[in-house]
Amino acid sequence: MAQLGGWVGDGVSSWRREQRGGHCWLIVGLEPQADAVRRCSGCGESASAIHDCTTRRIRDLPVFDDSVELQVPRLRLACVHCGPRLEHLDWLDAHARVTRRLAENVARLCTATSIVHAARWFGLNWKTVNAIDFRHLERTLGPVDLAGVTVIAMDEFAIQKGHRYATVVVEPERKRVLWVGRGRSRAEVRPFFELLGSEGCHRLRAVAMDMNTAYDLEVKQHCPNAEVVYDLFHVVAKYGREVIDRGAGRRGQSAARRQVRSPGGQDVTLAAAAQPRERPSEQAVKLDELLAANGALLTVYLLKDDLKRLWRYRHAGWAKRFWHDWKQRALDSGLEPLKVFVRRLEPYLPGILAHCRWPLGTNLVEGINNKIKVIKRMAYGYRDDAYFFLKIRAAFPGLG
């Protein structure tokens, strides 16, 4: 049994089986082996003198259907360098109440299920499982390697109800999470740039983000060589909120969703009218009637689809020329919400045109945010930000 257990430095002195709450337990008593070389947990040097001994109850992996409890004599050695220190054991961490192999199995199960389910599976307290997984993540992940990072993407995600957010920073090329921090203000994202250091900040060449002024100002302050690249998704979402929702109003939105049934039995919406597809003559008549009553709404939908073309250009000069043409058509529409949107968007034009040189977007970050929601839902939320952020980093270690 001692050879199978692999408790190096200790042998089996006794064992018994007992019932606890209707479940069978295997109790194994260990004793220090006389010929074992004992090492100090502080300096790692060998020490033969024993200062004192205390028996501890340690959980190990189950044997068949029996849960296993070890009665381990924990020696404190009289080290000549460190003084009284615990003996170093390869199979047991200092002050731990579970063996390393049990801790590794608990951490492995925590990657696929919640802490509560892992605790029930191994018969452990959920706080113990939480501490085991936290230590495992800290040990395996270690400090993030920021060497060689030249391009990043930043975005926010909801962490709690009540408009409480966190910021995630991703390296798009390797698809790994570099940093996660609570909040989205300048002061709350500044720790990332401090972690990156002066050399790392000067090494950055491009930062993809949404139209978050805090991110923009912080990048410009710390990273003089980096270009800000604004994402298509967030600009179009802003267009929808500020132009379609406000300009068309709910009455216009209802008209956009209103369906017209053609003689062939097909449903047609106003949004579909903006797509240049061939239709039967009877359906075209119905659409003409619908469009005549909703001309303003059709205009904003057409201009919205046309605005997306700005991100297809790879030459800044042609993109800028397209922007001036689109801007003039938007201003000529006579729609006040559209005019306001143009005036607000124009200061962000350099970051939009930077997409020609750096074809980046936050679509990768949006995908990561969706996975973050799954991680949060699986655990029914996290009380500890540090643990939650380690789980996020572990889910996106990168492509190597």
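Residues numbered from 1 in each chain as written. Predicted model: local features only at pLDDT ≥ 70, side-chain atom pairs only at ≥ 80, totals over all residues. Heavy atoms only, no water.

Undergrad: Help me out: how do you make sense of the packing of helix α2 (residues 100–110) against helix α4 (residues 126–141) in this one?
TA: Helices that pack against each other are described as a pair by the angle of their axes relative to one another and the distance between those axes. For the pair α2 and α4, interaxial distance at closest approach is 9 Å and the crossing angle is 90°. Put simply, α2 runs roughly perpendicular to α4. Facing α2, whose interface residues are Ala103, Val106, Ala107 and Cys110, α4 presents Val129, Ile132, Asp133 and His136. Of the residues contributing to the contact of α2 with α4, the split by class is six nonpolar, one polar and one charged. (Axes fitted to C-alpha atoms, helices over the stretch in contact; angles between N-to-C directions. Helix = DSSP H or I, 4+ residues; strand = E, 2+ residues; numbered from the N terminus. Parallel < 35°, antiparallel > 145°, perpendicular 65-115°, else oblique. Contact = heavy atoms within 4.5 Å. Nonpolar A, V, L, I, M, F, W, Y, C, P; charged D, E, K, R; others polar.)

Undergrad: Just to check I follow, could you spell out the pairing of strand β6 (residues 151–160) for this structure?
TA: Along a regular strand, successive side chains alternate from one face of the sheet to the other. Most of β6 is tucked away, with eight of its 10 residues classed as buried. Across three bridges, the pairing between β6 and strand β9 (residues 206–209) is parallel. Residue pairing across strands places Ala153 opposite Ala208, the latter belonging to β9. (Buried < 20%, exposed > 50% of the residue type's maximum accessible area, 1.4 Å probe, protein only. Pairing = 2+ DSSP bridges.)

Undergrad: What am I meant to see in the pattern of salt bridges here?
TA: In a structure, side chains of opposite charge can pair up when their charged atoms sit close to one another. Evaluation of the coordinates by the stated rule reveals 25 salt bridges. Notably, a salt bridge pairs Arg16 with Glu18, separated by 3.3 Å at the nearest N-O pair. Here Arg184 and Glu156 are joined by a salt bridge, their closest N and O atoms 2.9 Å apart. Within this pair, whereas Arg184 is found in the loop between β8 (176–182) and α5 (186–203), its partner Glu156 is found in strand β6, the two being separated by 28 residues in sequence. Connected via shared salt-bridge partners are Arg16, Glu18, Arg20 and Glu69. (Salt bridge = Lys/Arg side-chain N within 4 Å of Asp/Glu carboxyl O.)

Undergrad: Looking at this structure, I do not really get the sheet that holds β9. What am I missing?
TA: Within a sheet, neighbouring strands are paired by backbone hydrogen bonds and run either parallel or antiparallel to one another. The strand order across the open sheet formed by five strands is β8-β7-β6-β9-β10, and the pairing between neighbours is mixed. Both edges of this open sheet fall to β8 and β10 (227–230), since each of them pairs with a single strand only. Taken over all neighbouring pairs, the strand axes of this sheet differ in orientation by 25° on average, direction set aside. Here six bridges tie strand β7 (residues 164–171) to β8, and the two strands are oriented antiparallel to one another. Counterpart to Val168 in the pairing with β8 is Val180.

Undergrad: Any chance you could explain the environment of Met211 here in plain terms?
TA: Looking at where Met211 falls in the secondary structure, it is placed in the loop between β9 and α6 (213–222). Note: C-alpha distance between Met211 and Val235 (24 residues apart in sequence) is 7.5 Å. When sequence neighbours within four positions are dropped, the list of residues in contact with Met211 reads Tyr230, Val235, Lys238, Leu345 and Tyr348.

Undergrad: I'm lost on empty space enclosed by the protein in this one. Help?
TA: One way to see where empty space is left: roll a probe the size of a water molecule over the atoms. Inspection of the entire model under this criterion finds one cavity of 30 Å³ or more. In this structure, the largest cavity occupies an estimated 30 Å³ of space. Around the largest cavity sit Cys110, Thr113, Ser114, Ile115, Ala379, Tyr382, Tyr387 and Lys391, which together line it. Of the residues that constitute the lining of the largest cavity, the class distribution is five nonpolar, two polar and one charged. (1 Å grid on protein atoms, 1.4 Å probe; cavity = no way out; pocket = protein on both sides within 12 Å on 5 of 7 lines; lining within 4 Å. Points joined across faces, edges and corners; volume = space filled by probe spheres on them.)

Undergrad: I would appreciate a short explanation of the packing of aromatic side chains in the present structure.
TA: The geometry of an aromatic ring pair comes down to the distance between the two centres and the angle between the two planes. Considering all chains together, one arrives at 10 aromatic pairs under this definition. Between Tyr313 and Phe322, the aromatic rings sit 5.6 Å apart at their centres with planes inclined by 40°, giving tilted as the arrangement. A relative accessible area of 23% places Tyr313 in the partly exposed class. Taken together through their ring pairs, the aromatic side chains of Tyr239, Trp323, Trp326 and Phe341 make up a single cluster. One residue, Arg184, lies across the ring of Tyr165, its end atom 3.9 Å from the ring centre. When the ring centre of Phe396 is taken as origin, the NZ or CZ atom of Lys371, which lies over that ring, is 5.5 Å away. (Phe/Tyr/Trp six-rings, centres within 6.5 Å; stacked < 30°, edge-to-face > 60°. Lys NZ or Arg CZ within 6 Å of the ring centre and 35° of its normal.)

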